[in-house]
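Structural description and commentary
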Amino acid sequence: VDCSSALYDGICQTNKGTITNCIVDINFVISADTMAGCMVSVNDGAISYCYINGSIAYNVKNPRKDSIVAGCAAYNNGNMSSIISFIDYVNFIR
C-alpha cells in the first residue's frame, strides 16, 4: 500500500463492531503526516485473537507531533485482547 492521505488502515478505517480470529499481512509506505494502524486507524469496538505481520516505511521529512503510526490501531477507544503484532518500522528519509 502506497499512501499519501491522512488515514491508513489495513481492514477498515474505523471499527465499531467486532474483529476476531484474523490474520493481516500488510506493508505501508507512508508519505504524509498521518494516523495509521496496520489493522484499523480507530478502534471503537472490539479486536481479539488477531495476528498482524508486515512493515511500515515512514517517508516524512518533518512529521507533525500528532502523527501516529501503530501496529494494530492508531487510536483505541474500545477493547483489544490477544493480539500478536510483528511490524518492522523503517524511516527512510533521504
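First, a word on what this report is: a plain description of the structure on this page. (Residues numbered from 1 in each chain as written. Predicted model: local features only at pLDDT ≥ 70, side-chain atom pairs only at ≥ 80, totals over all residues. Heavy atoms only, no water.)

**Regarding the overall build of the protein**
Looking only at helices and strands, the protein features zero helices and 10 strands. The N-to-C order of helical and strand elements in the protein reads β-β-β-β-β-β-β-β-β-β. Each of the 94 residues in the protein was classed as buried or not, and the buried ones make up 39%. Across the protein, the fraction of contacts at a sequence separation of at least 24, relative to all contacts at a separation of at least 6, is 80%. Roughly 5,300 Å² of accessible area belongs to the protein as shown, and the carbon and sulfur atoms make up 49% of that amount. (Helix = DSSP H or I, 4+ residues; strand = E, 2+ residues; numbered from the N terminus. Buried < 20%, exposed > 50% of the residue type's maximum accessible area, 1.4 Å probe, protein only. Contact = heavy atoms within 4.5 Å. Areas by Shrake-Rupley, 256 points an atom, 1.4 Å probe, with all protein chains shown as cover.)

**Considerations on unusual backbone geometry**
You will see that N21, though not glycine, has its phi angle at about 55°, which is positive. Looking at the secondary structure, you find N21 in strand β4 (residues 18-30). Positioned with a positive phi, S82 is a non-glycine residue whose angle comes to about 50°. With respect to the helices and strands, S82 occurs in strand β10 (residues 79-91).

**Brief notes about the sheet that holds strand β9 (residues 73-76)**
Read across the sheet, three strands follow the order β3-β6-β9 without closing on themselves; strand pairing throughout is parallel. Looking at which strands have only one partner, the edges of the open sheet turn out to be β3 (12-15) and β9. On average, each strand axis in the sheet is tilted by 10° relative to the strand beside it, whichever way the strands run. Sheet analysis places strand β6 (residues 40-43) next to β9, joined by three bridges and oriented parallel. Within β9, the position partnered with V40 by the bridge is A73. (Pairing = 2+ DSSP bridges. Axes fitted to C-alpha atoms, helices over the stretch in contact; angles between N-to-C directions.)

**Observations regarding the nonpolar core**
The biggest cluster of nonpolar side chains holds 18 residues, and the ones touching the most others in it are I19, C38, M39, I47 and I52. The element that contributes the greatest number of residues to this core is β4, accounting for six residues. (Core = buried A, V, L, I, M, F, W, Y, C linked by side-chain atoms within 4.5 Å.)

**Some thoughts on the environment of S48**
With respect to the secondary-structure elements, S48 resides in strand β7 (residues 46-58). Judged by relative accessible area, which is 16%, S48 ranks as buried. If near-sequence neighbours (up to four positions away) are discounted, S48 is found in contact with I19, T20, N21, S81 and S82.

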